[in-house]
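Structural overview
Listed below, chain by chain, are the residues.
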Amino acid sequence: YTSDSPICRAAVHAGKITSTGGEVTVYRSAGMSAYVGSAHNGVTTLSYGSFSGTFTFIGASLPGTTDCPSTGQGTMAIGTSSYCNCPAAASSGSGHVWGTDSYTSDSAICRAAVHAGKIGIAGGKVTVYRETGLASYLGTTRNGVTTMSSGAYSGSIRF
C-alpha cells in the first residue's frame, strides 16, 4: 500500500482485521514503481504509479480467509462453527438452498448467506454454525435468492 493509504482500511483489505477493528503490525519500506488495485473484504483499492513509500503488514491473516466450502455437508462436525470467505462468484452463482434462517447442510453456503442477509452478492466473510437437522425446512425468497422447502434432513447450517 502507498504510505499515504489509510492503515486500518488497508488492513481490512489485506484480511488482517475485520471492519470492527483490531491490532496490526505495520512494516514500512521504500516505495515501489507501481501498485495494482483490487477488491478484497469489502474494500477496493486503486491502482497507482510510482510512490515514495510503502507499507505492508506483518503476521498472519485472520482465521477463515480461505473460501467457504461449497456446502456445509461433511465439512464440519455438528456443534462447531467455521469462519470463511464467500467470494462474489459463489455468492451470486448457482447452487441449491433449502430452508430459511436454518438451511440443510447440503445447501450452497454462500447463496444461503446472501438469502439470510449476512452478506450481499459481492460476497464477504461469514461464520457458519453446523447443527443437528430439523424436521422440515421452509423455502422463501429473500435478497434475490429463492430457497426450496424440504422435509427432514440430518444436518443444518445457520449464520
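This report concerns the structure included in the present document. Quick caveat: nothing in here was measured; it's all calculated off a predicted structure.

If you walk through the whole model with that rule in mind, you get two disulfides. Here Cys86 pairs with Cys110 through a disulfide, and the sulfurs are 2.3 Å apart. Disulfide Cys86 to Cys110: torsion about the S-S bond roughly -90°, handedness left-handed. Taken together, the residues span a long stretch of sequence, with Cys86 in strand 5 (residues 81–86) and Cys110 in helix 3 (residues 109–115) at a distance of 24 residues. Here the protein pairs its bonded cysteines, counted in sequence order, in the arrangement 1-2, 3-4.

So, on to the sheet that holds strand 11 (residues 155–158). The pairing of strands in a sheet comes from backbone hydrogen bonds and takes either a parallel or an antiparallel form. In spatial order, the strands read 5-8-11-7-6; together these five strands make up an open sheet with antiparallel pairing. Of all strands in the sheet, those bounded by a partner on one side alone are strand 5 and strand 6 (99–100). Examined bridge by bridge, strand 7 (residues 102–104) and strand 11 share two bridges and lie antiparallel to one another. In the sheet register, Thr104 faces strand 11, and the bridge partner there is Ser156.

What follows deals with the packing of aromatic side chains. With the rule as written, the count across this model stands at five aromatic pairs. On the basis of an interplanar angle of 25° and a centroid distance of 5.6 Å, the ring pair of Tyr1 and Phe55 is categorised as stacked. Here Phe55 lies in strand 4 (residues 53–58) and Tyr1 lies in the segment before helix 1 (7–13), a separation of 54 residues in the sequence. Taken together, the ring pairs in this structure connect Tyr1, Phe55 and Phe57 into an aromatic cluster. Above the plane of the ring of Tyr129 lies Arg158, whose end atom (NZ or CZ) is 4.7 Å from the centre.

Let us now look at the pattern of salt bridges. Applying the stated rule across the entire model yields two salt bridges. Residue Arg158 pairs with Glu131 through a salt bridge whose shortest N-O separation is 2.4 Å. Taken together, the residues Arg158 in strand 11 and Glu131 in strand 8 (residues 124–132) connect sequence positions 27 residues apart. Among the residues examined, Arg158 registers a relative accessible area of 33% and is labelled partly exposed. Overall, Glu131 belongs to the partly exposed group, its relative accessible area being 25%.

So, about the side chain of Ser105. Residue placement: Ser105 occurs in the loop between strand 7 and helix 3. Separated by 3.4 Å, the side chains of Ser105 and Arg130 make a polar contact.

Let us look at the environment of Lys125. If you trace the backbone, Lys125 turns up in strand 8. Placed twelve residues apart in sequence, Lys125 and Ala113 show a C-alpha to C-alpha distance of 9.5 Å. Among the polar contacts made by the side chain of Lys125, one reaches the side chain of Asn41 at a distance of 2.8 Å.

The rules behind the values
- Residues numbered from 1 in each chain as written.
- Predicted model: local features only at pLDDT ≥ 70, side-chain atom pairs only at ≥ 80, totals over all residues.
- Heavy atoms only, no water.
- Disulfide = S-S within 2.5 Å.
- Helix = DSSP H or I, 4+ residues; strand = E, 2+ residues; numbered from the N terminus.
- Pairing = 2+ DSSP bridges.
- Phe/Tyr/Trp six-rings, centres within 6.5 Å; stacked < 30°, edge-to-face > 60°.
- Lys NZ or Arg CZ within 6 Å of the ring centre and 35° of its normal.
- Salt bridge = Lys/Arg side-chain N within 4 Å of Asp/Glu carboxyl O.
- Buried < 20%, exposed > 50% of the residue type's maximum accessible area, 1.4 Å probe, protein only.
- Polar contact = N/O pair within 3.5 Å; in protein donor to acceptor, adjacent residues only side chain to side chain.

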